[in-house]
Structures are given as C-alpha cells and as structure tokens.
Amino acid sequence: MPKVTFLPENVTVEFDPETMPYSEHGLKASVLDVALNNGLHLEHACGGNNACTTCHIKIKEGMANVSEMEDDEADRLDQAADLSLNSRLGCQCVVTGDIVIEIPAWNRNYVSEGGGSMNLGDAIPVPAKK
Ligand code: FES
C-alpha cells in the first residue's frame, strides 16, 4: 500500500487506493485526498479544482510514484510562489506508490491537524458538467 510522508511534520500515512473513501476534494487518491482522509489539513481554497495554488507541495522523494502532470496543472502551477522542479498541486497529484512531500514554508501556516481554514471552494460553485 502506498505511503505518504508529510514534511516538515514528518507524519507518514499509508492508504489502500481501493478502499480509501473519496474526500470530495481534488482527484481521487491525490495528495490532498490522502491528507484529508487522514486528518491532515492541506489548504485547498478552490476545493481541489485546479483553480488556485494553495495546495502547492514539493515532492522530495518518489517522483516516479505520482501521476504525470497534465497541461492544466502545469499552467496553474506556473502561478504558484516558490516554484521548483519538484512542485505539484496536491489536489492534482495522484499517489501511486511511496512518496515524501514537503509543504512549502510560506504555506505551512495553513496546515493544521483537523482542519479549520477557510475553503473558498464551498463558496464558489463549480458549474455542472453538461
Ligand atoms: S486546491 Fe486549488 S488547485 Fe489544488
């Protein structure tokens, strides 16, 4: 089962992609989905819809164990602060094996166990697909 280690907290969680419930934020089995399923709050102002950069994370280990970046994610990520070659959007980065991720320093204030930050995704309805 894939393991995700969240730095700097150094908290490691293991999950079964088949049985983990979907958190309804971001892609299924994304870093954001894994975090929310394990009581680790990662900011996600747009509700995991690839429409902000608040879920910016950096892959420290296991780059081969995440989904390939789609063009939409790359375009959005271009707007993130503190961008680096191992940057991803937590809501779009699907975990397929063991990885170690870091929440960038500027984003750490948003991180708290149990959540409690503002989620603009609930305030801005996403148009229904036709
Ligand atoms: S939560 Fe907005 S882009 Fe990931």
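*Asks:* Describe the confidence of the model for the chain, naming the residues involved and giving the relevant values.
*Replies:* The predicted model of the chain has a mean per-residue pLDDT of 87, with 82% of residues at 70 or higher. Here residues 110-125 is a poorly scored stretch, pLDDT under 50, and it has 28 contacts once near neighbours within four places are set aside; other chains count.

*Asks:* So, the pairing of strand S5 (residues 99-102): which residues are in play, and what are the values?
*Replies:* Here S5 shows a clear split, with Ile99 and Ile101 buried on one side and none of Val100 and Glu102 buried on the other. Judged from the four bridges that link them, strand S1 (residues 3-7) and S5 form a sheet pairing that is parallel. In the sheet register, valine 4 faces S5, and the bridge partner there is isoleucine 99. For strand S3 (residues 56-61) and S5, the ladder comprises three bridges, and the chain directions are antiparallel. When the sheet's bridge partners are listed, lysine 58 is paired in S5 with glutamate 102.

*Asks:* Tell me what's going on with the nonpolar core, and back it up with residues and numbers.
*Replies:* Grouped together as the largest cluster of nonpolar side chains are 23 residues, with contacts concentrated most on Val4, Val31, Leu32, Ala35, Val95 and Ile101. Broken down by secondary-structure element, the contributors of at least two residues to this core are S1, helix H1 (31-37), S3 and S5. The dominant element in this core, judged by the number of residues it contributes, is H1, at five residues. Leaving out residues up to four positions away in the same chain, valine 95 has contacts with Pro2, Val4, Ala29, Val31, Val34, Asn65 and Val66.

*Asks:* Let's hear about the environment of serine 84: which residues, and what values?
*Replies:* Mapped onto the secondary structure, serine 84 falls in the loop between helix H2 (71-77) and strand S4 (87-89). Under the C-beta neighbour-count criterion, serine 84 is labelled exposed, with 10 such atoms within 10 Å. Between the C-alpha atom of serine 84 and that of isoleucine 59, which follows or precedes it by 25 residues, the distance is 9.8 Å.

*Asks:* Tell me what's going on with the pairing of S3, and back it up with residues and numbers.
*Replies:* Where S3 meets S4, three bridges bridge the pair, whose relative direction is antiparallel. Considered in S4, the bridge of isoleucine 57 is made with arginine 88.

Conventions adopted
Residues numbered from 1 in each chain as written. Predicted model: local features only at pLDDT ≥ 70, side-chain atom pairs only at ≥ 80, totals over all residues. pLDDT = per-residue confidence, 0-100. Contact = placed C-beta atoms within 7 Å. Buried ≥ 20, exposed ≤ 12 C-beta atoms within 10 Å, placed from the backbone. Helix = DSSP H or I, 4+ residues; strand = E, 2+ residues; numbered from the N terminus. Pairing = 2+ DSSP bridges. Core = buried A, V, L, I, M, F, W, Y, C linked by C-beta atoms within 7 Å.

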